[in-house]
Structures are given as structure tokens and as C-alpha cells.
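Fold and contact review
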Amino acid sequence: MKQRIALLGSTGSIGIQTLDIVRENPGLFEITTLTAHRNWERLARQAVEFDADSVVIADERQYDALRQALDGTSIKVYAGEEALRQVVQSGQVDVVVNALVGYVGLMPTIAAVEAGKKVALANKETLVAGGCYVMPLAARHKAPIVPIDSEHSAIFQCLAGEKSPVRRLIVTCSGGAFRDRSREELAHVTVEQALKHPQWRMGDKITIDSATLVNKGFEVIEAHWLFGVPAERISVLIHPQSIVHSMVEFGDGAIKAQLGSPDMRTPIAYALSFPQRLDRPVAPFSFAEHPTLTFAEVDRIKYPALDLAYDCLRRGGTAGCTMNGANEVAVAAFLARRCGYLEIVRSIEYALGKSSFAAVPSLGDLGETNAEARCLAAEYLRL
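Residues numbered from 1 in each chain as written. Predicted model: local features only at pLDDT ≥ 70, side-chain atom pairs only at ≥ 80, totals over all residues. Heavy atoms only, no water.

Let's talk about the pairing of strand β3 (residues 54-57)
Two faces, one strand: in a regular strand the side chains alternate between the faces of the sheet. Which entries qualify depends on this criterion: Whether a residue is buried, partly exposed or exposed follows from its accessible area with a 1.4 Å probe, protein chains only, as a fraction of its type maximum: under 20%, in between, or over 50%, in that order. Every helix listed is a DSSP run of H or I at least four residues long, and every strand listed is a run of E at least two residues long, numbered separately from the N terminus. Whether two strands pair comes down to DSSP finding at least two bridges between them. A crossover gets the label right-handed when its path from the first strand over the helix to the second runs clockwise, viewed with the strands pointing away from the viewer.
Along β3, one buried face is formed by Ser54 and Val56 and the opposite face, lined by Val55 and Ile57, is buried too. Of the strand pairs in this sheet, strand β2 (residues 29-36) and β3 are connected by 4 bridges, and their pairing is parallel. The residue bridging threonine 33 from the neighbouring strand is serine 54, located in β3. For the crossover from β2 across helix α2 (residues 40-49) to β3, the handedness is right-handed. One ladder, built from 4 bridges, connects β3 with strand β4 (residues 76-79); its direction is parallel. When the sheet's bridge partners are listed, isoleucine 57 is paired in β4 with alanine 79.

Description of the nonpolar core
Definition in use: As used here, the term nonpolar core means buried Ala, Val, Leu, Ile, Met, Phe, Trp, Tyr and Cys residues forming a set that is joined through side-chain atoms within 4.5 Å. Source of the domain bounds: an automatic or database domain assignment. What makes two residues a contact is simply this: any of their non-hydrogen atoms within 4.5 Å.
Core analysis: the biggest nonpolar cluster contains 104 residues, and Ile5, Leu34, Val55, Ile145, Ile148 and Met323 have the highest contact counts within it. Each of domain 1 (3-147) and domain 2 (152-262 + 298-315) gives at least three residues to this core. Excluding residues that lie within four positions of it along the chain, valine 55 makes contacts with Leu34, Leu43, Ala47, Leu66, Leu70, Ile75, Lys76, Val77 and Tyr78. Val189, Ala211, Cys339 and Leu381 belong to the second largest nonpolar core, which has 16 residues in total.

Remarks on helix α5 (residues 106-114)
By the criterion of burial, α5 is predominantly enclosed, with 7 of the 9 residues buried. Immediately downstream of α5, the backbone of glycine 116 shows phi near 75°, a positive value.

Comments concerning the domain arrangement of the chain
Stated formally: The quantity reported as buried area is the accessible area (1.4 Å probe) lost by two parts once they are put together, taken as the sum for both. Note on definitions: salt bridges are taken to be side-chain nitrogens of Lys or Arg within 4 Å of carboxyl oxygens of Asp or Glu. Within 3.5 Å is the distance limit for a polar contact, defined as a pair of N or O atoms, with the added protein rule that one can donate a hydrogen and the other accept it, and that residues adjacent in sequence qualify only through two side-chain atoms.
Under the domain assignment used here, the chain contains domain 1 (3-147) and domain 2 (152-262 + 298-315). The C-alpha centroid of domain 2 is placed 26 Å from the C-alpha centroid of domain 1. Contacts between the two partners involve 12 residues from domain 1, matched on the other side by 15 residues from domain 2. Note on domain 1 versus domain 2: buried area summed over both sides is about 1,200 Å², and carbon and sulfur give 75% of it. Applying the counting rule to domain 1 against domain 2 returns 1 salt bridge. The closest approach of N and O atoms between lysine 205 and glutamate 125, which form a salt bridge, is 3.4 Å. Between domain 1 and domain 2 we count 2 residue pairs in polar contact (both at pLDDT 80 or more) in total. Among the elements that make up the side of domain 1 that touches domain 2, the one with the highest residue count is helix α6 (residues 125-141) (6 residues).

As for the sheet that holds strand β9 (residues 234-238)
Stated formally: Axis definition: a line fitted to C-alpha atoms, over the contacting stretch in the case of helices. Angles run 0 to 180 degrees between N-to-C directions.
One open sheet accounts for 5 strands, arranged β11-β10-β8-β9-β12; its pairing is mixed. The open sheet is flanked by β11 (255-259) and β12 (296-297), the only strands paired with a single partner. Pairing of strand β8 (residues 166-173) with strand β10 (residues 244-250) involves 5 bridges; the strand directions are antiparallel. Among the inter-strand pairings, arginine 168 is bridged to a residue of β10, identified as glutamate 249. Packing against the sheet, helix α7 (residues 150-159) makes contact with β8, β10 and β11, and its axis sits at approximately 40° to β10.

Comments concerning unusual backbone geometry
Note that the residue after phenylalanine 274, namely proline 275, is joined by a cis bond; omega there is 15°. Tracing the backbone shows proline 275 in the loop between α11 (265-273) and β12. Look at leucine 213: it is not a glycine, yet its phi comes out positive at around 70°. The topology assignment puts leucine 213 in the loop between α9 (204-212) and α10 (214-227). At arginine 337, a position not held by glycine, the phi torsion is positive, near 60°. If you trace the backbone, arginine 337 turns up in the loop between α13 (319-335) and α14 (343-354). For arginine 337, a relative accessible area of 52% gives the class exposed.

Focus: the UniProt feature "domain: DXP reductoisomerase C-terminal" (unreviewed entry) in the chain
Which entries qualify depends on this criterion: UniProt positions are given in the numbering used here, feature names are shortened, and annotations may be inferred rather than shown by experiment.
In the UniProt entry, the feature "domain: DXP reductoisomerase C-terminal" (unreviewed entry) is given for residues 259-374. Along residues 259-374 the backbone is 53% helical and 3% strand, and the end-to-end C-alpha distance reaches 37 Å.

Considerations on the UniProt feature "binding site: 1-deoxy-D-xylulose 5-phosphate" (unreviewed entry) in the chain
For clarity, the threshold we go by: The pocket and cavity definitions rest on a 1 Å grid over protein atoms only: a 1.4 Å probe that fits but cannot leave marks a cavity, an open set with protein on both sides within 12 Å along at least five of seven lines marks a pocket, and residues lining either have an atom within 4 Å of a point.
Feature annotation in UniProt assigns "binding site: 1-deoxy-D-xylulose 5-phosphate" (unreviewed entry) to the following positions: Lys124, Ser150, Glu151, Ser174, His197, Ser210, Asn215, Lys216 and Glu219. From the set just named, the residues that line the largest cavity comprise Ser150. Turning to its location among the elements, lysine 124 is positioned in the loop between β6 (118-121) and α6. By relative accessible area, lysine 124 is classed as buried at 4%. Ignoring sequence-local partners within four residues, the contact set of lysine 124 consists of Asp149, Ile206, Asn215, Phe218, Glu219 and Glu222. Among the structural elements, serine 150 can be located in helix α7.

A word on empty space enclosed by the protein
Which parts of space are left empty comes out when a probe the size of a water molecule is rolled across the atoms. Our working definition: Grid points are joined across faces, edges and corners, and a volume is the space filled by probe spheres set on the points.
Applying the stated rule across the entire model yields 1 cavity of 30 Å³ or more. Taken together, 10 residues form the lining of the largest cavity, with His245, Gln258, Asp263, Thr266 and Pro267 sitting closest to its centre. For the lining of the largest cavity, the secondary structure elements donating two or more residues are α7 and α11. Here the element with the most residues in the lining of the largest cavity is α7; it accounts for 3 residues.

Right, here's the structure in full:
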């Protein structure tokens, strides 16, 4: 029987690559629902190609254009956050792929979990901002959360079948666009330079987050919630080749690693097909073409965001939500050329220093913290 998929964020990088996997495996997967924020044109083309049952456009201003584009088809067209919640809970959906970007991905994840759906999670902000709420909820509803991030997929694969205790998770990191620049040079880098990631093709926000290492800090928080490992047993290594996607060290000193070419279709395929693996049309990996794999410690002075994330993880509660909200505002400002690159992390520090804190937050607390963090970052950046 085919897995029926609701793909949230179908017009973004992860969404597009998820559809590649569906194209490769029409006998295994079926698209029932596609959603996008505002790119109604691509959403309409995708819906027609995959004969989706329904589409949701989050920006209600784009509803009429999308409805007209799909006029004459049987595809149902919806708009807004409530529609998003309803489609992920539909009885016509088996798995929800959450490829949304930012805090907006939290509520759809919660809705899917409450309905007991399998969630293939690429929206790391769900666990950065709300891991303390989402993971207990998933346990109560017996809703599996399978990671799509390459690093967490690697750890997930390394842990499959293991019953021994974990000594350490080792999360690898490419170093982003500025790994070969000094901190002094970073004061003057441009948006265009920050968007030139040396290995991965990703959306603008995550590419900037990779440059600042905010993304890697978020992945440390995410790893804690996914695998139940405390901060002191999660380490980060710079690995410029992006071949070793992450590693797990066990109590006997053995280390397992998951390796492969930097292609997000691999972890997407694994998340959809787990516990099986798909036979994909990819060339065999050549170690001869990659004779050297190097690793280095992270320069914590150059990348202060990593320690901020560790501090948020240790504090728990709403700290991660504050960091995420401030970062979203600052990255948007940088991409709009309204602040400098170094101001991104400074605005996070400012928000963390001034925000309120709830140790055991409710869903309402998370919403209030997110709003407050955004206001504080805007205040610091004078937006």
C-alpha cells in the first residue's frame, strides 16, 4: 500500500527534493496534500503533476490566484493556518513531511502528532523552540518523529538496532560560507558571499544559519530532543568535505559513522522508507575521489552562536524559543540588507539577556516567548 504524504513547504528546497523521491517511487508514495507559503505558481504546477487531493497556501492573499490556476481540476484549494492544521490531521494522510522554515513549522507538527501521524521532520525549529512540549506529546500519541536533517538522519541510522548506551554524539559541520575567513573579515561580508555555501544547496535562511553556525547550534538542541542525550555528551566537529554526516560513539569506544555524498535526497528517502532503504538511481560513492577527510574543533570565538545554543539547551524551558525567534528576525534583516552579518548573533545575545523565561512552558508560553524575542531583536536592530 502506498504511503499517503502531506508535504508542507513543497516549493522550498527540501520540498522539491522530496518530490524527486516520490517521482522515483510512484509505486510506494502518493502525494495527497501540498502546501506553500506564498509561491502559488509553483504550488499549482506541483499539484497538477502529482494529482494532489488538496493544496494549502498559507498567505491568504494568494488564495484567489491559486484557485484560478487550479480551476477546472478536482484539486481542493484552501488557505490559512487553520486549513494547514486540518489537512495534516486528515484520515487521507499517513505521513507528514514538515519542510517548513521557521517557527511556523511548530503548530503543524503538533497537529500531526496529535493525530498520531508519522512526521518526517526537516523543520528543526519545531524542536529548538518547542522540543520540551513536542516530544512528550509525541510519546503520548505514539507518533513517530523521523529526522530529515542529514546530521540527525546519520545519527538515527547509526543508532538503528543498537541497544548499548551512547557515550557521545558527534555532529559534523561544514563550517559554512566563511570557514576560511578570519573573524575580523566577517564584519564586512555581504549577503551574496554568505549565500555561497561550499557544499550544500539550501534555502536562504538555512544557508545564513550555516554561516553563523546558528544552524549547528540548533542541531545540537535538536539532537538532544530526538535522542535523549544531554548537552555535555553532544560535540561538534568541523568537517569541510561534508562526507561524514555525523557519528555516534558507544561505551566500548566504538564509533559508527554514516557517510555519503552531500545530497539531501538520501536522508529524505530514508525518512520516508524507514525501516527499509530505497534502491535509488545514484552512482556508487568513490573513496578514491575523496582521499582525505579532515576534522577540526570549532573556533568558539569566531562562532559564538554555538555556545549560545549550548547555554539555551542547558537552561531549557523557553530559552531555545527565544534564540530562534531573535535569529529569524535578524536573518531576515540581514537578507534585506538592514543589518550587518555580525549583528545577527549580537541580536540573539540581546534577546536572551532581556527576555522572560518559563522553565516548563505551555504552548501559550512558547507563543508569547516567540513574539517577545522577535520584538527584542527588532529593538536591538532598530527595525
